[in-house]
Amino acid sequence: MDFHVMTLFPEMITAGLHTSILGRAMDAGIISLNAVNIRDYSEDKHRHVDDYPYGGGAGMVMSAEPISKCYEDIVLKRMKRSRPRVIYLTPQGRVFNQEMAKEFAQEEDLIFLCGHYEGVDERVLDEIVTDRVSIGDYVLSGGELASMVMIDAISRMVPGVLTNEESGSTESFEGNLLEYPQYTRPEVWHDRKVPEVLLSGHHAKIEEWRRQQSILRTHQVRPELLEGAELSKKEKKFYRELLEKEQEMIEKNASEEN
Ligand code: ADE
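The rules we used
Each chain carries its own residue numbering, running from 1 in the direction its sequence is written. It should be noted that, the model being predicted, local features are given only for residues of pLDDT at least 70 and side-chain atom pairs only at 80 or more, the latter also being counted only at that level, while totals for whole chains, interfaces and linings use all residues. Computation of side-chain values: all heavy atoms of the structure, hydrogens and water removed. Every helix listed is a DSSP run of H or I at least four residues long, and every strand listed is a run of E at least two residues long, numbered separately from the N terminus. Each radius of gyration reported is based on C-alpha atoms, and the globular scaling rule is 2.2 Å times the count of residues to the power 0.38. When accessible area is computed with a 1.4 Å probe and restricted to protein chains, residues below 20% of their type maximum are described as buried, those above 50% as exposed, and intermediate ones as partly exposed. Contacts between residues were defined by any pair of non-hydrogen atoms, one from each residue, lying within 4.5 Å. For the area figures, the Shrake-Rupley method with a 1.4 Å probe applies, and any residue is considered shielded solely by the protein chains shown. Positive charges come from Lys and Arg, negative ones from Asp and Glu, while His and the chain ends are left out of the count. The atom standing in for a charge is NZ when the residue is Lys, CZ when it is Arg, CG when it is Asp and CD when it is Glu. Strands are labelled as partners when DSSP assigns at least two bridges between them. All axes here are fitted lines through C-alpha atoms, helices being fitted over the stretch that makes contact, and every angle between N-to-C directions spans 0 to 180 degrees. Think of a 1 Å grid over the protein atoms and nothing else: a 1.4 Å probe that fits but is trapped marks a cavity, an open set flanked by protein within 12 Å on at least five of seven lines marks a pocket, and residues with an atom within 4 Å of a point count as lining. Grid points are joined across faces, edges and corners, and a volume is the space filled by probe spheres set on the points. For this purpose, a residue is taken to be near a molecule or strand whenever a single non-hydrogen atom of the residue falls within 4 Å of it. Between N or O atoms, a polar contact is any pair within 3.5 Å; within protein, one atom must be a potential hydrogen donor and the other a potential acceptor, and residues adjacent in sequence are included only when both atoms are from side chains. Cavity and pocket membership follows a simple rule, namely that a molecule belongs there if more than half of its atoms are within 2 Å of the grid points. The criterion is simple. A nonpolar core is a set of buried Ala, Val, Leu, Ile, Met, Phe, Trp, Tyr and Cys residues joined through side-chain atoms within 4.5 Å. Salt bridges are defined as contacts in which a side-chain nitrogen from Lys or Arg sits within 4 Å of a carboxyl oxygen from Asp or Glu.

Draft legend 1. Spatial organisation of the overall build of the protein chain. Counting secondary structure elements, the protein chain contains 11 helices and 9 strands. Here the protein chain has a C-alpha radius of gyration of 24 Å; the compact-globule value for 258 residues is 18 Å, and the former is much larger. With the C-alpha coordinates of the protein chain rotated into their principal frame, the extents come out at 70 × 55 × 40 Å. Expressed as a percentage of its 258 residues, the buried residues of the protein chain come to 40%. The long-range share in the protein chain, meaning contacts at least 24 apart out of those at least 6 apart in sequence, stands at 73%. With an accessible surface of roughly 16,200 Å², the protein chain has 50% of that area assigned to carbon and sulfur atoms. For the protein chain, the distance from the average site of its 31 positive side-chain charges to the average site of its 46 negative ones is 5 Å.

And the structure:
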């Protein structure tokens, strides 16, 4: 998978992503990262890439022409017939999730466009962008961090990037359940003991406990995910009992207040 990033801060992208699992995947040639400076395509002697907004208002808007030139250069150097998908990072986009990471990982290459200032001239977006994506409901200063988040999550879904051992941890969102808690030595730390079941060596019991912990966590912080989770009969019973216990607590508290 080849990632191309159009940005005003290429060094931020390369420095941020050339570490750990992704760095290893790049060294192995499984993924590549090409961060391109939009400013190199400015035709202005002062290398400007932005201008005042038509209609007035605060801030500057990134001009269409340098972005378009940058894009055409990436497409040309790629030497392939098809045009790759172009992802524009914006809070006005579809919210990124694990499903989308898996889908994007099927592509041979992807181009990311990182905006800055108050936005990007809409005409170049209409002309080159295929996907507008947000990484969450908050506003960042630019698309760089958002593109890095996406590249990390997408890369993990590219075959060969994760070792067999590492790919276990991507299961977290797969079954619509959050990951269970993990512990390592020592057995007691600050008077806190590792849950007994994990020391038992009883694999089936450990598996059952971990699934229950996942259900519990998901219920506590992301209950909407549980609707799409696949639970066994026994797990459904566990979840039902959990809800009943919660209901009892609510009723008990209410009666104590009265
Ligand atoms: N650019 C600014 N904020 C963003 C967000 N939340 N997601 C993607 N790109 C952005």
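Draft legend 2. How the structure looks around the sheet that holds strand β6 (residues 109–113). With parallel pairing, the 5 strands of this open sheet are ordered in space as β2-β1-β6-β5-β7. The open sheet is flanked by β2 (32–37) and β7 (131–134), the only strands paired with a single partner. Sheet twist, expressed as the mean angle between neighbouring strand axes with direction ignored, is 30°. Sheet topology places strand β5 (residues 85–95) next to β7; 5 bridges connect them, and they run parallel. Within the sheet, the bridge partner assigned to Y88 lies in β7 and is R132. Across the sheet, helix α1 (residues 10–17) is in contact with β1 (2–7) and β2; its angle to β2 comes to roughly 160°.

Draft legend 3. The arrangement of the layout of surface pockets in detail. Within this model, the largest pocket holds a volume of roughly 430 Å³. Around the largest pocket, the lining comprises 24 residues; the ones closest to its centre are Y88, L89, T90, P91 and Q92. Among the secondary structure elements, those contributing two or more residues to the lining of the largest pocket are β5, α5 (122–128) and β7.

Draft legend 4. A look at the site of the ligand. Looking at the ligand, the residues that line it are L89, T90, P91, V133, S134, I135, G136, Y138, V139, L140, G142 and A146. One of the backbone N or O atoms of I135 is found 2.9 Å from a nitrogen atom in the ligand. At 2.8 Å from a nitrogen atom of the ligand is found a main-chain nitrogen or oxygen belonging to Y138. Coverage of the ligand by the protein amounts to 96% of the 260 Å² it exposes when considered alone. For the ligand, the cavity whose grid points lie within 2 Å of the majority of its atoms is the largest pocket. At the level of secondary structure, the elements contributing two or more residues to the shell around the ligand comprise β5 and β7. Here the element with the most residues in the shell around the ligand is β5; it accounts for 3 residues.

Draft legend 5. View of the nonpolar core. The biggest cluster of nonpolar side chains holds 32 residues, and the ones touching the most others in it are F3, I31, F96, F104, F112, M150 and I154. Elements represented by at least two residues in this core include exactly β1, α1, α2 (20–27), β5, α4 (98–104), β6 and α6 (144–155). One finds I38, V49, C70 and V120 within the second-largest nonpolar core, a separate group that totals 21 residues.

Draft legend 6. Expanded view of the pattern of salt bridges. Applying the stated rule across the entire model yields 23 salt bridges. Ionic pairing is found between R123 and D121, a salt bridge with its closest N-O pair at 2.7 Å. Here D121 falls in the buried class, since its relative accessible area comes to 18%. Among the charged side chains, a salt-bridge network with shared partners connects R78, K80, E108 and D109.

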